[in-house]
Amino acid sequence: MLHTLRQSPFQCDISEMLRYVQPGDDLLLMEDGVIAALNNSRALELLLSAPISISALREDVEARGLIAQISSKVVCVSYTDFVRLAIKHDQQFAW
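This write-up is about the structure you can find in this document.

About the cut-offs
Residues numbered from 1 in each chain as written. Predicted model: local features only at pLDDT ≥ 70, side-chain atom pairs only at ≥ 80, totals over all residues. Heavy atoms only, no water. Helix = DSSP H or I, 4+ residues; strand = E, 2+ residues; numbered from the N terminus. Rg over C-alpha atoms; globule rule 2.2 N^0.38 Å. Contact = heavy atoms within 4.5 Å. Areas by Shrake-Rupley, 256 points an atom, 1.4 Å probe, with all protein chains shown as cover. Lys, Arg positive; Asp, Glu negative; His and termini not counted. Charge placed at Lys NZ, Arg CZ, Asp CG, Glu CD. Pairing = 2+ DSSP bridges. Axes fitted to C-alpha atoms, helices over the stretch in contact; angles between N-to-C directions. Core = buried A, V, L, I, M, F, W, Y, C linked by side-chain atoms within 4.5 Å. Buried < 20%, exposed > 50% of the residue type's maximum accessible area, 1.4 Å probe, protein only.

This brings us to the overall build of the protein chain. On a plain count of helices and strands, the protein chain comes out with 4 helices and 5 strands. Radius of gyration (C-alpha) of the protein chain: 12 Å, near the 12 Å computed for a compact globule of 95 residues. In terms of overall dimensions, the protein chain has C-alpha extents of about 30 × 30 × 20 Å along its principal axes. Of the contacts made within the protein chain by residues no fewer than 6 positions apart, 69% connect residues no fewer than 24 positions apart. Surface summary for the protein chain: the accessible area is close to 5,400 Å², and the carbon and sulfur share equals 50%. The protein chain carries 8 positive and 12 negative side-chain charges, and their two centres are separated by 4 Å.

This paragraph deals with the sheet that holds strand β4 (residues 75-77). Taken together, the 5 strands give an open sheet; going across it, the order is β4-β3-β2-β1-β5, and neighbouring strands pair in parallel fashion. Where the open sheet ends on each side, the last strands, each with one partner, are β4 and β5 (92-94). Sheet twist, expressed as the average angle between the axes of neighbouring strands with direction ignored, equals 25°. Where strand β1 (residues 2-5) lies against strand β2 (residues 26-29), 4 bridges are found, and the strand directions are parallel. Within β2, the position partnered with T4 by the bridge is L28. Relative to β1, helix α4 (residues 79-88) is tilted by about 140°, and along the sheet it contacts β1, β2, β3 (53-57), β4 and β5.

Attention now goes to the nonpolar core. Grouped together as the largest cluster of nonpolar side chains are 24 residues, with contacts concentrated most on I14, L18, L27, L29, L47 and I70. For this core, the secondary-structure elements that each account for two or more residues are α1 (14-18), β2, α2 (42-48) and β3. Not counting chain neighbours up to four residues away, the residues in contact with L27 comprise H3, T4, L5, M17, L47, I52, S53, I54 and S55. If you look at the next biggest cluster of nonpolar residues, it comprises 7 residues, including L28, L57, V77 and F82.

Written out as structure tokens, the structure reads:
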């Protein structure tokens, strides 16, 4: 399943979201959700403990001026990569 997180980690319950992810799922951080990928953040620590792949939409990271602060453990992807993720997964869940 592809999970997309659009809200800031300060406005959503990441722990609750992680109850629904399964091994092999992908999580795409977009819009204000990219804040969850900041180095040394509690949100990132929680996400990295899950058996999922985490990526962030590069355009949203750049729009917020955060490119230098995003963890190297999170892959920045393009809109084309977003489409590939959507094709890879039959289902998507937006948070």
